[in-house]
Amino acid sequence: MRDFGYMEKGQTSSLYDFKLWVRIMRISSGFKIPLGIAVALSLGVTFAALSVPYLMKTGIDSYITVTTLPFDERYGGLGRIGLFIGLLISIGFALTFMQAVLLEWVGQSVMHRIRQRLFNHILNLDLSFLSKQPAGRLVTRLTNDVQNMYEMFTSVLVTMFNDILRLIGILVVLYLLNTRLALVMTIFVPLALIMTLVFSGLAREKFRAIRSQLSKINSFVQESVSGISIVQLFGQQRQWFEKFDVLSGEYLSRTLKQIRLFAAFMPLTEFMSWTAVALILVYGGHLVIDRSLSIGELIAFIAYMRLFFQPLRELAQK
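Residues numbered from 1 in each chain as written. Predicted model: local features only at pLDDT ≥ 70, side-chain atom pairs only at ≥ 80, totals over all residues. Heavy atoms only, no water.

1. Topic: the overall build of the protein
Our working rule: Secondary structure follows DSSP: runs of H or I at least 4 residues long count as helices, runs of E at least 2 residues long count as strands, and numbering of each begins at the N terminus. Note that the radius of gyration is over C-alpha atoms, with the globule rule given as 2.2 Å times the number of residues to the power 0.38.
When its secondary structure is counted, the protein shows 11 helices and 0 strands. Along the chain direction, N to C, the helices and strands of the protein fall in the order α-α-α-α-α-α-α-α-α-α-α. Taking 318 residues into account, the globule formula puts the C-alpha radius of gyration at 20 Å, and the protein, at 26 Å, lies well above it. Its C-alpha atoms put the protein at 95 × 40 × 35 Å along the principal axes.

In structure tokens form, the structure reads like this:
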């Protein structure tokens, strides 16, 4: 039983381990159709999310700021756009709901398959292997590690595609709206990507350290409970408690490091998001005064930039 993804006994694996990904895809080979449907639903979710700011732009430029149209026509046009926005939001909600249920079913099914195989594999291992491995560590492999696989299938594979698709769609729409302002906004793309890559690398190390320490705690608790009569016979309760206190303290320390990392990354992305909005207001406002950009396009730019940083945060976490 190898320690893929953990820093136990000096063994580590790479995120880009091709053989590991082949094994993962082989396990999920029986769910190609559900995963394909989930990817197709991502297209609908992305279209619905990106259409709302554009409809807002249309409503402002075609009806609110146009004073030459009759009041009834302007009011009716805004009503139709509001109806379309509500319809798109409802469609996005329904598609997201179906995608979440579908991915949940796939994740639970894959997790069941992996746990069945692992349990059967453990039952057929030699006694020499079992005598060298703490039972708590094996239980961690069968529970916590498989749970991570479940989260990968439900929250990572398809939703990462969804986030990447949304980022590309936002950039395309921005360039279609106004190339000059989109070029200014593009400076945030490499900054955001660098920040995301740095954070994801640091977060991966922190999560591996947490999982490794959790495995040690589970092993120690299992050994303590199974050998509690010996511990009490030799009066080692205090020493055992001190060992557990050290292990728990280390787990707390590693968890707090991970929390501090998130506490630094999230406000930083929010700062970049509001900085982009401020730049849009300054430069875009200048273009509006020069009549080379409409008010609706300016508001759409702000809405799209707010949407742009949300998938970046989610990608970094995943």
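2. Some thoughts on a nonpolar patch on the surface
Where we set the bar: Patch criteria: residues need more than 30% relative accessible area and no salt bridge. Like-charged residues are merged within 9 Å; nonpolar side chains of Val, Leu, Ile, Met, Phe, Trp and Tyr are merged within 5 Å. Only the protein chains shown count as cover for residues, and all accessible areas are computed by the Shrake-Rupley method using a 1.4 Å probe. By definition, a salt bridge exists where a carboxyl oxygen of Asp or Glu is found within 4 Å of a side-chain nitrogen of Lys or Arg. Exposure is judged per residue with a 1.4 Å probe applied to protein chains only, and the accessible area is read against the type maximum: over 50% gives exposed, under 20% gives buried, and values in between give partly exposed.
On the surface, Phe93, Phe97, Met98 and Val101 cluster together to form a nonpolar patch covering roughly 450 Å² of accessible area. Note on Val101: relative accessible area 46%, which makes it partly exposed.

3. Details of the pattern of salt bridges
Across all of its chains, the model carries 3 salt bridges by this definition. The closest approach of N and O atoms between Arg254 and Glu250, which form a salt bridge, is 2.9 Å. A residue pair is termed a helical-turn pair when its members lie 3 or 4 positions apart in one helix, as Arg254 and Glu250 do in helix H10 (residues 237-289) at 4 residues. Under the relative-accessibility criterion, Arg254 is labelled buried at 18%. Look at Glu250 and you get partly exposed, because its relative accessible area is 32%. Two residues, Glu270 and Arg306, come together in a salt bridge whose shortest N-O distance is 3.3 Å. Residue Glu270 is found in helix H10, and its partner Arg306 is found in helix H11 (residues 295-317); the two are separated by 36 residues along the sequence.

4. Structural notes on the confidence of the model for the protein
Keep this limit in mind: pLDDT is a residue-level measure of predictor confidence that goes from 0 to 100. Only heavy atoms enter the contact rule, under which two residues are in contact if any of them lie within 4.5 Å.
Overall, the prediction assigns the protein a mean pLDDT of 82, with 91% of residues at 70 or greater. Within the protein, the lowest mean pLDDT, 71, falls on helix H5 (residues 135-155), and the highest, 89, falls on H10. Throughout residues 1-11 the model reports pLDDT below 50, and contacts reaching past four residues in sequence, or to other chains, amount to 36 contacts.

5. Some words on helix H2 (residues 32-64)
As a reminder of what qualifies: Here the expected length of a helix is defined as 1.5 Å per residue gap, with one fewer gap than residues. Fitting axes to the seven residues that end at a residue and to the seven that start at it, the angle between those axes gives the bend at that residue.
In this model, H2 (33 residues) spans 47 Å end to end at C-alpha, consistent with the 48 Å of a helix rising 1.5 Å per residue. Helix geometry: H2 is bent most strongly at Val52, by close to 25°, with proline Pro53 lying one to four residues after it.

6. Regarding the packing of helix H8 (residues 188-226) against H10
To be explicit about the condition: What counts as an axis is a line fitted to C-alpha atoms, over the stretch in contact for a helix, and the angles between N-to-C directions run from 0 to 180 degrees. Our angle categories are set so that under 35 degrees counts as roughly parallel, over 145 as roughly antiparallel, 65 to 115 as roughly perpendicular, and the remainder as oblique. With the far helix as reference, a near helix turned anticlockwise by less than a right angle produces a left-handed crossing, and one turned clockwise produces a right-handed crossing. Just so you know the grouping, Ala, Val, Leu, Ile, Met, Phe, Trp, Tyr, Cys and Pro go in nonpolar, Asp, Glu, Lys and Arg go in charged, and all remaining residues, Gly too, go in polar.
Running from N to C, H8 and H10 point in directions that differ by 165°, and their axes come no closer than 10 Å. What the angle tells us is that H8 and H10 run roughly antiparallel. Considering how the two elements wind past one another, H8 and H10 form a crossing that is left-handed. The residue inventory of the contact of H8 with H10, partitioned by class, reads 25 nonpolar, 9 polar and 6 charged.

7. Points about empty space enclosed by the protein
Rolled over the atoms, a probe with the dimensions of a water molecule shows which regions are left empty. This is how the line gets drawn: A 1.4 Å probe that fits but cannot get out identifies a cavity on a 1 Å grid over protein atoms alone, an open set with protein on both sides within 12 Å along at least five of seven lines counts as a pocket, and a residue lines either if it has an atom within 4 Å of a point. Grid points are joined across faces, edges and corners, and a volume is the space filled by probe spheres set on the points.
Here the structure, examined in full by the defined rule, presents 1 cavity of 30 Å³ or more. In terms of lining residues, the largest cavity is bounded by Leu171, Leu174, Met185, Thr186, Val189, Met305 and Phe308. Counting residues per element, the ones that place at least two in the lining of the largest cavity are helix H6 (157-177) and H11. The residue inventory of the lining of the largest cavity, partitioned by class, reads 6 nonpolar, 1 polar and no charged.

8. Section: unusual backbone geometry
One non-glycine residue, Arg291, lies in positive phi territory at about 65°. Within the secondary structure, Arg291 is located in the loop between H10 and H11.

9. A short note on the packing of aromatic side chains
Which entries qualify depends on this criterion: Only centres within 6.5 Å qualify two rings of Phe, Tyr or Trp (six-membered ring in Trp) as a pair; their planes then separate them into stacked at under 30 degrees, edge-to-face at over 60, and tilted for everything else. Remark: a charge is flagged as sitting over a ring if the NZ atom of Lys or the CZ atom of Arg is within 6 Å of the ring centre and within 35 degrees of the ring normal.
The final tally for this structure, using the stated rule, is 7 aromatic pairs. Judged by centre distance (6.3 Å) and plane angle (25°), the rings of Phe220 and Phe244 are stacked. With Phe220 in helix H8 and Phe244 in helix H10, this residue pair connects regions lying 24 residues apart in the sequence. Linked through ring pairs, Phe199, Phe207, Phe262 and Phe265 together constitute an aromatic cluster. Sitting above the plane of the Trp274 ring, Arg306 keeps its charged end 4.3 Å from the centroid.

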